[in-house]
Amino acid sequence: LYETKNKAVEDHFLELIQNNIVKNNTDKLNYNDGKNLRYLSNIKLSYENTINGFSFPGGYTYITYKMLNFLDINDSDKKNFSPEKFNNYCMLAFVVAHELGHYVNEDYLRKIDEQYNQQIFFSLLSGYGSPNRTTIENLSKELIYNQSTRDISFRTEKEADEKGMDLLKNDDVWSMGGA
């Protein structure tokens with residue numbers, strides 16, 4: 001649904017960045033250790049109208065076209081590697097590594113926990129008094145939102161930055177200087 005709505009497409013250059021980061025971090029990304037099997041989907045370019053990069057559960061990662069524009073990387077730059085844009089490519093590699101950091105840190109599980117906690121709050125609140133369902137839903141959403149976003153948002157972004165740096169330090173092409 002997201003891909004159709006935002007015209008997400010495969011992008012060879014983004015895949016090259018992703019594959020290189022994965023190749024140099026197989027202990028954290030795309031592994032089969034006999035107990036766990038984790039493989040990322042190919043990163044895609046999204047035409048969502050924001051400057052953004054993000055990951056969905058299951059290893060689906062997207063970078064928006066506007067992010068590439070923000071980093072001053074155009075289609076020609078992606079086809080003909082230009083050395084004068086190396087820092088721009090490194091910044092993009094960090095954005096990709098940051099998103100892969102969310103995957104490694106399993107931040108998507110926090111979203112699942114948030115949804116689960118919302119259901120628990122709803123169950124608890126519905127046992128008291130006679131507020132209507134909408135009031136209870138809104139109150140439980142607000143409680144969860146306040147609890148999770150204030151504490152987790154900044155922390156998860158910081159942890160994804162740190163994990164992204166950790167992934168890039170092992171990379172043999174992209175520099176951490178772009179971070």
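For every chain, the first residue of its written sequence is number 1, and the numbers climb from 1 along that sequence. Reporting of local features is limited, given that this is a predicted model, to residues whose pLDDT is at least 70; pairs of side-chain atoms are given and counted only at 80 or more, and all residues count toward the totals for whole chains, interfaces and linings. Side-chain measures here rest on the full set of heavy atoms in the structure, leaving out hydrogens and waters.

Novice: Is there a simple way to explain the overall build of the protein in this structure?
Specialist: Helix and strand assignments follow DSSP, with helices taken as H or I runs no shorter than four residues and strands as E runs no shorter than two, numbered in order from the N terminus. If you tally the helices and strands in the protein, you get 7 helices and 6 strands. Each helix and strand of the protein, placed in order from N terminus to C terminus, yields the pattern α-β-α-β-β-β-β-β-α-α-α-α-α. Expressed as a percentage of the 179 residues in the protein, the buried residues total 39%. Accessible surface for the protein amounts to roughly 10600 Å². Of this, 52% is attributable to carbon and sulfur atoms. To sort residues, take the accessible area from a 1.4 Å probe on protein chains only and compare it with the maximum for the residue type: under 20% means buried, over 50% means exposed, and anything in between is partly exposed. Reported accessibility uses the Shrake-Rupley method at a 1.4 Å probe radius. Residues are deemed covered only where the shown protein chains occlude them.

Novice: Help me understand the sheet that holds strand β4 (residues 44-46) in this model?
Specialist: Sheet strands line up and pair through hydrogen bonds in the backbone, either parallel or antiparallel. We call two strands paired when DSSP finds no fewer than two bridges between them. Spatially, 4 strands are ordered β1-β4-β6-β5 in an open sheet, and the strand pairing comes out mixed. Either end of the sheet is taken by a strand with one partner, and the two such strands are β1 (9-10) and β5 (53-56).

Novice: Teacher, can you tell me more about the pattern of salt bridges here?
Specialist: Pairing of side chains with opposite charge becomes possible as their charged atoms draw close. Any carboxyl oxygen of Asp or Glu that lies within 4 Å of a side-chain nitrogen of Lys or Arg is treated as forming a salt bridge with it. Overall, the coordinates contain 12 salt bridges when judged by the stated rule. With its nearest N and O atoms 2.8 Å apart, the salt bridge here joins Lys85 to Asp77. For the pair shown, Lys85 and Asp77 are each scored as buried. Ionic pairing is found between Lys163 and Asp166, a salt bridge with its closest N-O pair at 4.0 Å. Taken together, the residues span about one helical turn, with Lys163 and Asp166 both in helix α7 (residues 133-169) at a distance of 3 residues.

Novice: In this structure, what is going on with the pairing of strand β6 (residues 60-64)? I would like to understand it.
Specialist: One face of the sheet, then the other: side chains in a regular strand alternate in exactly this way. Taking burial as the measure, the 5 residues of β6 include 4 buried ones, the bulk of the element. Relative to β6, β4 runs parallel, the two sharing 3 bridges. Paired with Lys44 across the bridge in β6 is Tyr62. As paired strands, β5 and β6 are joined by 4 bridges and run antiparallel to one another.

Novice: Sorry if this is basic, but what is going on with the packing of aromatic side chains here?
Specialist: Each aromatic ring pair is characterised by the separation of its centres together with the angle its planes make. Ring pairs shown here join Phe, Tyr and Trp side chains whose ring centres sit within 6.5 Å, with only the six-membered ring taken for Trp; geometry is labelled stacked below 30 degrees between planes, edge-to-face above 60, and tilted in between. Scanning the model with the defined rule gives 13 aromatic pairs in all. Centre to centre, the rings of Phe86 and Trp174 are 6.3 Å apart; their planes meet at 20°, and the pair counts as stacked. Taken together, the positions of Phe86 in helix α5 (residues 86-104) and Trp174 in the segment after α7 put the pair 88 residues apart, joining distant regions of the chain. Ring-pair connections join several aromatic residues into one group, and the members of that group are Phe13, Phe81, Phe86, Tyr89 and Trp174.

Novice: Is there a simple way to think about the side chain of Glu15 in this case?
Specialist: Along the chain, Glu15 falls in helix α2 (residues 12-23). For the buried Glu15, which has no salt bridge, the nearest side chain bearing the opposite charge is Lys44, at an N-O separation of 7.6 Å. With near-sequence residues (within four places) excluded, Glu15 lies in contact with Glu10, Asn42 and Ile43. Residues scored as charged are limited to Lys and Arg (positive) and Asp and Glu (negative), so that His and the chain ends carry no count. Contacts between residues were defined by any pair of non-hydrogen atoms, one from each residue, lying within 4.5 Å.

Novice: Even after reading the chapter, I still don't get the packing of α2 against α5, so can you show me in this structure?
Specialist: To obtain an axis, a line is fitted to C-alpha atoms, over the contacting stretch when the element is a helix, and the angle between two such axes runs from 0 to 180 degrees between their N-to-C directions. One way to put it is that α2 packs onto α5 with a least axis distance of 10 Å and a crossing angle of 65°. When you trace α2 past α5, the crossing you get is right-handed. For the pair α2 and α5, the contacting residues are Phe13, Leu14, Ile17, Gln18 and Ile21 in the first and Tyr89, Leu92, Ala93, Val96, Ala97 and Leu100 in the second. Gly falls in the polar group here, along with every residue not listed as nonpolar (Ala, Val, Leu, Ile, Met, Phe, Trp, Tyr, Cys, Pro) or charged (Asp, Glu, Lys, Arg). For the contact of α2 with α5, the per-class residue count stands at 10 nonpolar, 1 polar and no charged. Two helices cross in a left-handed way if the nearer one is turned anticlockwise from the farther one by less than a right angle. They cross in a right-handed way if the turn is clockwise.

Novice: Just checking my understanding: could you explain the environment of Met67 for this structure?
Specialist: Here Met67 is to be found in helix α3 (residues 65-70). Residues Met67 and Asn52 lie 15 residues apart in sequence; the distance between their C-alpha atoms is 5.6 Å. For Met67, the residues in contact, after removing those within four places along its chain, are Thr50, Ile51, Asn52, Gly53 and Val95.

Novice: Even after reading the chapter, I still don't get α5, so can you show me in this structure?
Specialist: Residues three or four positions apart in an α-helix share a direction because the helix packs 3.6 residues into each turn. Helix length check: α5, at 19 residues, gives a terminal C-alpha distance of 26 Å against a target of 27 Å (1.5 Å per residue), a fit within 8%. The buried fraction of α5 is high, at 16 of 19 residues. Downstream of α5 by one or two residues, Glu106 has phi in the positive range, about 55°. Given the number of residues in a helix, its expected span is that number minus one, multiplied by 1.5 Å.

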